Amino acid sequence: MLTVLLLSLGDTALASALRQSDIGYPLVASAHILGLGLLVGSIVTLDLRILNIIKRGTLSELAPLLSRVAAGGFMLAILTGVLLFSVQSAHYLGNSAFLLKLSLISLALINVTVVHCLPCWRAILAGQPATLLLKLTALISLTLWLAIVTAGRWIAFV
């Protein structure tokens, strides 16, 4: 049922317009890269600060800002990703790198949800240092987001 719904995205007028446009798809792809840059750049910066690899700026100041930028980048990446997917939905559903990317994104979203529910997240927002648990989640986050970018690049080659 979900597969049928996803495949039907390719039948929309917007997907058809993107397939027929000389500049539509490249513009959407560029916006997707912008979203990924905002998302991954913010997350990597925040994770490196939590891990104390980056020493400048307090977590209580950086965490809310970088979290909001990451969320905005994620929303842009999702919106444009759905549009890009709609142009070749059957191809993407059969692409192992794409399916891996979606699985990794799911794990990364679980990780961020867990982090934001932890008392140690609220503690860093209040100016406390990062705990070992928070540092572990930052390491997991770094690993997942770098793997997501790698899987995304592999889509074109699988």
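These notes cover the structure that comes with them. These numbers come from a predicted model, not from an experiment.

Some details on the overall build of the protein
When its secondary structure is counted, the protein shows eight helices and zero strands. From first element to last, N terminus to C terminus, the protein shows the α and β order α-α-α-α-α-α-α-α. Seen through its principal axes, the protein has C-alpha atoms that stretch 55 × 30 × 25 Å. A total of 158 residues make up the protein; the buried ones form 35% of that total. Taking contacts inside the protein between residues at least 6 apart in sequence as the whole, the part at least 24 apart equals 74%. Summing over all exposed atoms, the protein offers an accessible surface of approximately 9,100 Å²; the carbon and sulfur share of this is 73%. In the protein, which carries 9 positive and 4 negative side-chain charges, the distance between the mean positions of the two groups comes to 14 Å.

A few points about the packing of aromatic side chains
This model, assessed by the stated rule, comprises three aromatic pairs. Aromatic side chains Tyr92 and Phe98 sit 5.3 Å apart centroid to centroid with 45° between the ring planes, which places their arrangement in the tilted category. Judged by its relative accessible area of 12%, Phe98 is buried. Taken together, the ring pairs connect Phe85, Tyr92 and Phe98 into an aromatic cluster.

So, the environment of Leu136
Mapped onto the elements, Leu136 comes out in helix α8 (residues 132–154). Along the backbone, Leu136 and Asp47 are 89 residues apart, and their C-alpha atoms lie at a distance of 9.7 Å.

Observations concerning unusual backbone geometry
The phi dihedral of Asn52 is positive, around 65°, even though this residue is not glycine. The topology assignment puts Asn52 in the loop between α3 (24–50) and α4 (59–87).

Comments concerning the nonpolar core
Counting residues in hydrophobic clusters, the biggest one holds 13 residues, and the most contacted among them are Leu46, Ile50, Leu59, Trp121, Ile124, Ala130 and Leu134. Elements with a contribution of two residues or more to this core: α3, α4, α7 (119–125) and α8. Discounting chain neighbours no more than four positions away, the residues touching Ile50 are Leu59, Trp121, Ala130, Leu134, Lys135 and Ala138. With 12 residues, the next largest nonpolar core counts Leu39, Val40, Leu144 and Ile148 among its residues.

Focus: the side chain of Ser42
Counting through the fold element by element, Ser42 comes out in helix α3. Within the structure, the side chain of Ser42 is placed 2.8 Å from the backbone oxygen of Leu38, a separation counted as a polar contact. Once you skip the residues sitting within four places of it in the chain, Ser42 turns out to touch Gly37, Leu66, Val69 and Ala70.

Regarding the state of the cysteines
For the structure shown, the criterion picks out zero disulfides. No disulfide involves Cys120; its sulfur sits 11 Å from that of Cys117, the nearest cysteine.

What counts and how
- Residues numbered from 1 in each chain as written.
- Predicted model: local features only at pLDDT ≥ 70, side-chain atom pairs only at ≥ 80, totals over all residues.
- Heavy atoms only, no water.
- Helix = DSSP H or I, 4+ residues; strand = E, 2+ residues; numbered from the N terminus.
- Buried < 20%, exposed > 50% of the residue type's maximum accessible area, 1.4 Å probe, protein only.
- Contact = heavy atoms within 4.5 Å.
- Areas by Shrake-Rupley, 256 points an atom, 1.4 Å probe, with all protein chains shown as cover.
- Lys, Arg positive; Asp, Glu negative; His and termini not counted.
- Charge placed at Lys NZ, Arg CZ, Asp CG, Glu CD.
- Phe/Tyr/Trp six-rings, centres within 6.5 Å; stacked < 30°, edge-to-face > 60°.
- Core = buried A, V, L, I, M, F, W, Y, C linked by side-chain atoms within 4.5 Å.
- Polar contact = N/O pair within 3.5 Å; in protein donor to acceptor, adjacent residues only side chain to side chain.
- Disulfide = S-S within 2.5 Å.

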